[in-house]
Amino acid sequence: MGLVYRARHTDAQVFDSQGGDVAIKLMHAHLSSKSTFEERFRREAEALDALDHPNIVRVFEVVEDHGRLALVMEWV
């Protein structure tokens, strides 16, 4: 559903807890126009946000850029 990038988060709270590195999962452009894929992407974020376990990545935020959704997650 998307590409994952390693990035540096500028928020002080995330930066301190993660050393600044986060994973950004960006939805593929060809899927962003299809509402069913956008709903699945948002449900994935909600499901991850509801879980708290050391073996599951944390989602810090869901962002939209130029019509494409992205999950900003813990870098592991």
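Please refer to the structure higher up on the page.
Residues numbered from 1 in each chain as written. Predicted model: local features only at pLDDT ≥ 70, side-chain atom pairs only at ≥ 80, totals over all residues. Heavy atoms only, no water.

Participant: With reference to specific residues and values, describe the nonpolar core.
Facilitator: In a soluble, globular protein the nonpolar side chains are often hidden away together inside. Within the largest apolar cluster, ten residues are counted, these being Ala23, Met27, Leu31, Phe41, Ala45, Leu48, Val59, Leu69, Leu71 and Met73. Of all the secondary structure elements, the ones that give two or more residues to this core are strand 2 (21–27), helix 3 (35–50) and strand 4 (68–74). (Core = buried A, V, L, I, M, F, W, Y, C linked by side-chain atoms within 4.5 Å. Buried < 20%, exposed > 50% of the residue type's maximum accessible area, 1.4 Å probe, protein only. Helix = DSSP H or I, 4+ residues; strand = E, 2+ residues; numbered from the N terminus.)

Participant: Which residues make up the sheet that holds strand 2, and what values go with them?
Facilitator: Taken in spatial order, the four strands line up as 1-2-4-3 in an open sheet, and their pairing is antiparallel. Among the strands making up the open sheet, the edge pair consists of strand 1 (2–8) and strand 3 (59–65). Here the average twist between neighbouring strands, direction ignored, is 25 degrees. The pairing of strand 1 with strand 2 spans seven bridges and is classified as antiparallel. In the strand pairing of strand 2, leucine 3 is matched with leucine 26. Packing of helix 3 onto the sheet brings it into contact with strand 2, strand 3 and strand 4, and relative to strand 4 it is tilted by some 20 degrees. (Pairing = 2+ DSSP bridges. Axes fitted to C-alpha atoms, helices over the stretch in contact; angles between N-to-C directions. Contact = heavy atoms within 4.5 Å.)

Participant: With reference to specific residues and values, describe the side chain of lysine 25.
Facilitator: Position of lysine 25 among the secondary structure elements: in strand 2. The exposure class assigned to lysine 25 is buried, which follows from its relative accessible area of 15%. Engagement of the side chain of lysine 25 in a polar contact is seen with the side chain of glutamate 44, the distance being 3.0 Å. Aside from chain neighbours lying at most four places away, what touches lysine 25 is Leu3, Val4, Phe41, Glu44, Leu69, Ala70, Leu71 and Met73. (Polar contact = N/O pair within 3.5 Å; in protein donor to acceptor, adjacent residues only side chain to side chain.)

Participant: Break down unusual backbone geometry for me, citing the residues and quoting the values.
Facilitator: Unlike most non-glycine residues, histidine 66 shows phi in positive territory, near 55 degrees. The residue histidine 66 is located in the loop between strand 3 and strand 4 in this model.

Participant: An account of helix 3 is needed here, citing residue identities and associated values.
Facilitator: The end-to-end C-alpha distance of helix 3, which contains 16 residues, comes to 22 Å, matching closely the 22 Å that a straight helix rising 1.5 Å per residue would cover. For helix 3, the full list of buried residues reads Phe41, Ala45 and Leu48. When helix 3 is viewed along its axis, its buried side chains cluster within an angular range of 70 degrees and face the same direction. Exposed side of helix 3, more than 90 degrees from the buried face: Glu46 and Ala50 are the residues found there. Those residues of helix 3 that are buried lie in contact with strand 2, strand 3 and strand 4. (Expected span 1.5 Å × (residues − 1). Arc of directions from axis to C-beta.)

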